[in-house]
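The primary structure of each chain is shown beneath.
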Amino acid sequence: MAQNNNNDISRNLKMIDFLKCELLNTIALLFETMIKGVKNSQELVVECLVNLLLATYTLGRRLGFDYDMLDKKLQDKIKTSILEEHHLEKWYGDLSELNQHISNHRK
């Protein structure tokens, strides 16, 4: 039984390292794509953003946080940032819109 547990821990650690690399690689690709301004790069930018969300959520899960807790913390952060008049909110209202989007999808 101990051997199986060690394998699970080892596999989990490898996955955590993989996800960390995935985050860094995706950020690098996103920045590179945005700098180059490649024609028709919109799809690649969206793909990068989605991969960042996927890697972030699954990394959180591998680190022991469940998805509901991550969602709750995200909403708490959004609400705090709204109250603190973060530039995204103050200038564009993005945080209120994001908060509404998340609230609608949690129902």
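Keep in mind that this is a model prediction, so the values were computed, not measured. (Residues numbered from 1 in each chain as written. Predicted model: local features only at pLDDT ≥ 70, side-chain atom pairs only at ≥ 80, totals over all residues. Heavy atoms only, no water.)

Quick notes on the packing of aromatic side chains
Right, so step 1: Considering all chains together, one arrives at two aromatic pairs under this definition.
Right, so step 2: Note on tyrosine 57 and tyrosine 67: the rings are 6.0 Å apart at their centroids and 50° apart in plane angle, and the pair reads as tilted. Separated by 10 residues along the polypeptide, tyrosine 57 in helix 2 (residues 42-62) and tyrosine 67 in helix 3 (residues 67-83) bring together distant segments of the chain.
Right, so step 3: A relative accessible area of 27% means that tyrosine 57 is categorised as partly exposed.
Right, so step 4: With 6.4 Å between their ring centres and 85° between their planes, tryptophan 91 and tyrosine 92 make a pair best called edge-to-face. In this pair, the class of tryptophan 91 matches that of tyrosine 92, namely exposed.
Right, so step 5: The ring of tyrosine 67 carries arginine 61 above its face, with NZ or CZ at 5.5 Å from the centroid. (Phe/Tyr/Trp six-rings, centres within 6.5 Å; stacked < 30°, edge-to-face > 60°. Helix = DSSP H or I, 4+ residues; strand = E, 2+ residues; numbered from the N terminus. Buried < 20%, exposed > 50% of the residue type's maximum accessible area, 1.4 Å probe, protein only. Lys NZ or Arg CZ within 6 Å of the ring centre and 35° of its normal.)

Considering helix 3
Right, so step 1: If you check helix 3, its first and last C-alpha atoms are 24 Å apart, about what 17 residues at 1.5 Å a residue would give, namely 24 Å.
Right, so step 2: Turning to helix 3, its buried residues number three or more, namely Asp71, Gln75, Ile78 and Ser81. For helix 3, the angular spread of buried residues about the axis comes to 125°, placing them on one side. For helix 3, exposure combined with an orientation more than 90 degrees from the buried face picks out Lys73, Lys77 and Leu83.
Right, so step 3: Elements in contact with the buried residues of helix 3: helix 2 and helix 5 (94-106).
Right, so step 4: Put simply, aspartate 66 is the residue that caps the front of helix 3, since its side-chain oxygen is 3.2 Å from the backbone nitrogen of aspartate 68.
Right, so step 5: Following helix 3 by one or two positions, glutamate 85 has its phi on the positive side, about 55°. (Expected span 1.5 Å × (residues − 1). Arc of directions from axis to C-beta. Contact = heavy atoms within 4.5 Å. Polar contact = N/O pair within 3.5 Å; in protein donor to acceptor, adjacent residues only side chain to side chain.)

As for the pattern of salt bridges
Side-chain pairs of opposite charge can arise where the charged atoms are in close proximity.
Right, so step 1: Enumeration over the complete set of coordinates arrives at three salt bridges.
Right, so step 2: Here aspartate 17 and lysine 20 are joined by a salt bridge, their closest N and O atoms 3.2 Å apart. Taken together, the positions of aspartate 17 and lysine 20, both in helix 1 (residues 2-36) and three residues apart, correspond to about one turn of that helix.
Right, so step 3: Its relative accessible area of 42% is what places aspartate 17 among the partly exposed residues.
Right, so step 4: Where glutamate 32 meets lysine 36, a salt bridge forms, and the shortest distance between an N and an O atom there is 3.0 Å. With glutamate 32 and lysine 36 both in helix 1 and four residues apart, this pair spans about one turn of that helix.
Right, so step 5: Taking relative accessible area as the criterion, glutamate 32 reaches 37% and is therefore assigned partly exposed.
Right, so step 6: By relative accessible area, which is 55% here, lysine 36 ends up exposed. (Salt bridge = Lys/Arg side-chain N within 4 Å of Asp/Glu carboxyl O.)

Section: the packing of helix 2 against helix 3
Right, so step 1: Orientation of helix 2 relative to helix 3, taken along the N-to-C sense of each, is 120°, at an axis distance of 9 Å. As far as their axial angle goes, helix 3 and helix 2 are oblique. Regarding helix 2 and helix 3, the two cross each other, and that crossing is right-handed. For the pair formed by helix 2 and helix 3, the contact residues are Tyr57, Thr58, Gly60 and Arg61 on the first element and Tyr67, Leu70, Asp71 and Leu74 on the second.
Right, so step 2: When its residues are assigned to classes, the contact of helix 2 with helix 3 shows four nonpolar, two polar and two charged. (Axes fitted to C-alpha atoms, helices over the stretch in contact; angles between N-to-C directions. Parallel < 35°, antiparallel > 145°, perpendicular 65-115°, else oblique. Left-handed = near helix turned anticlockwise from the far one by under 90°. Nonpolar A, V, L, I, M, F, W, Y, C, P; charged D, E, K, R; others polar.)

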